[in-house]
Amino acid sequence: MSTSTEIRHFVLTQGGEIREFSADEASLIAAGANCLPEYAERRMRYLQVSWDQESSSELRIQTAGAAIRFDAEGRLTEAVPANDEEKISRFEHDTCVQWALRDVATAPYTIH
């Protein structure tokens, strides 16, 4: 079986909202070609969930988080390591991972 990498992108607010972006949307946002006016002048938390399907019953999952800032128009201006107040909670992390794997994690997979 050949391995393929899948990636999902999530923006998390301090108010508890979790919003997923497709790979195409995330690319446009990162390039500054797509604005998110609802996030204008805000610093948000970002989580990327990626996985490789190693075999028919094994997934290798990796996550990476950051703090991201948007300008007055809602264009991404920076991505930096999160400070202590911006850490992604274990609950938020696990929720994003489980949501990212919702279409993949069927029997014989178990999510812990």
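Attention here is on the structure that accompanies the text.

So, the environment of S27
Logical step 1: With respect to the element layout, S27 can be found in helix α1 (residues 23-30).
Logical step 2: Its relative accessible area of 48% is what places S27 among the partly exposed residues.
Logical step 3: Between the C-alpha atoms of S27 and H9, which are 18 residues apart in sequence, the distance is 10.0 Å.

Thoughts on the layout of surface pockets
Logical step 1: There is about 210 Å³ of room inside the second largest pocket.
Logical step 2: Contributing to the lining of the second largest pocket are 14 residues, with A26, I29, A30, Y46 and L76 lying nearest its centre.
Logical step 3: Those elements that provide at least two residues to the lining of the second largest pocket are β1 (5-12), α1, β4 (58-70) and β5 (76-80).
Logical step 4: The leading source of residues in the lining of the second largest pocket is α1, at five residues.
Logical step 5: Residues that form the lining of the second largest pocket fall into these classes: twelve nonpolar, two polar and no charged.

Some words on the pairing of strand β2 (residues 18-21)
Logical step 1: Across four bridges, β1 lies against β2 in antiparallel orientation. Along β2, the bridge assignment pairs V11 with R19.
Logical step 2: A loop of five residues connects β1 with β2, the two strands running antiparallel in sequence, and G16 in this loop sits at a positive phi of about 100°.

Some points on helix α2 (residues 90-100)
Logical step 1: Listed as buried for α2 are E92, H93, C96, V97 and A100. Projected down its long axis, α2 carries its buried residues within an arc of 130°, all on one side. Among the exposed residues of α2, those pointing more than 90 degrees away from its buried face are R90 and F91.

What counts, and at which threshold
- Residues numbered from 1 in each chain as written.
- Predicted model: local features only at pLDDT ≥ 70, side-chain atom pairs only at ≥ 80, totals over all residues.
- Heavy atoms only, no water.
- Helix = DSSP H or I, 4+ residues; strand = E, 2+ residues; numbered from the N terminus.
- Buried < 20%, exposed > 50% of the residue type's maximum accessible area, 1.4 Å probe, protein only.
- 1 Å grid on protein atoms, 1.4 Å probe; cavity = no way out; pocket = protein on both sides within 12 Å on 5 of 7 lines; lining within 4 Å.
- Points joined across faces, edges and corners; volume = space filled by probe spheres on them.
- Nonpolar A, V, L, I, M, F, W, Y, C, P; charged D, E, K, R; others polar.
- Pairing = 2+ DSSP bridges.
- Arc of directions from axis to C-beta.

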